[in-house]
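Secondary and tertiary structure notes
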Amino acid sequence: QVQVVESGGGLVQPGGSLRLSCTAVKGIESIYGMGWSRQAPGKQLERVASLVSPQRADYADSVKGRFTISGDNAKKTIDLQMINLKPEDSAVYYCTKFGRPWGQGTQVTVSS
């Protein structure tokens, strides 16, 4: 019975930035174990960033140094700040719990 709502996607030029937000509406007691995954057309779902604990966040090699995950456990929200976006970052981004998407996702398109 987990329900989340993602927002913040859009169309940006290469080198631009976006901030994605996820709000847990139902079924989430802790933001730890939550994160972001993405799926481009014809490709597998890819884990991008995870909040493992208050002391640890993990990132895919392809986004290290460009993406930053953060969260507020009291508000049950997590954000993904993305900078220096590349065309290969284009995908539907999903908010996850233990790797499983629960919402509809938000589209990110990086193109001139």
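Here we summarise the structure given alongside this text. (Residues numbered from 1 in each chain as written. Predicted model: local features only at pLDDT ≥ 70, side-chain atom pairs only at ≥ 80, totals over all residues. Heavy atoms only, no water.)

A look at the environment of Ala49
Tracing the chain through its elements places Ala49 in strand β5 (residues 46-53). A sequence separation of 10 residues divides Ala49 from Gln39, and the C-alpha atoms of the two residues are 13 Å apart. Setting aside chain neighbours within four positions, we find Ala49 in contact with Gly35, Trp36, Asp58, Tyr59, Ile69 and Leu80. (Helix = DSSP H or I, 4+ residues; strand = E, 2+ residues; numbered from the N terminus. Contact = heavy atoms within 4.5 Å.)

What to know about the pairing of β5
Inspection of the sheet shows strand β4 (residues 34-39) paired to β5 by 4 bridges, in the antiparallel sense. Note on β5: the bridge partner recorded for Gly35 is Ser50. Counting the residues in the hairpin turn of β4 and β5 gives 6 residues, including Gly42, whose phi is positive at 75°. Pairing geometry for β5 and strand β6 (residues 56-59), over 4 bridges, is antiparallel. (Pairing = 2+ DSSP bridges.)

Things to note about the packing of aromatic side chains
Inspection of every chain in the model, using the stated rule, returns 0 aromatic pairs. Above the ring of Phe98, the side-chain terminus of Lys97 is found at 4.8 Å from the ring centroid. (Phe/Tyr/Trp six-rings, centres within 6.5 Å; stacked < 30°, edge-to-face > 60°. Lys NZ or Arg CZ within 6 Å of the ring centre and 35° of its normal.)

Digging into the sheet that holds strand β8 (residues 77-82)
The strand order β1-β3-β8-β7 describes an open sheet built from 4 strands, whose pairing is antiparallel. At either end of the open sheet lies a strand with only one pairing partner, and these are β1 (3-7) and β7 (67-72). For this sheet, the mean inter-axis angle between neighbouring strands, taken without regard to orientation, is 15°. Pairing geometry for strand β3 (residues 18-26) and β8, over 6 bridges, is antiparallel. From the neighbouring strand, Leu18 faces β8, where its bridge partner is Met82. (Axes fitted to C-alpha atoms, helices over the stretch in contact; angles between N-to-C directions.)

Quick look at the state of the cysteines
Per the stated rule, a full pass over the model turns up 1 disulfide. Each sulfur of the disulfide joining Cys22 and Cys95 lies 2.1 Å from the other. In this structure the cystine formed by Cys22 and Cys95 twists about its S-S bond by roughly -75°; its chirality is therefore left-handed. Of the two residues, Cys22 is situated in strand β3 and Cys95 in strand β9 (residues 91-97); the sequence distance between them amounts to 73 residues. Side by side, Cys22 and Cys95 carry an identical accessibility label, which is buried. (Disulfide = S-S within 2.5 Å. Buried < 20%, exposed > 50% of the residue type's maximum accessible area, 1.4 Å probe, protein only.)

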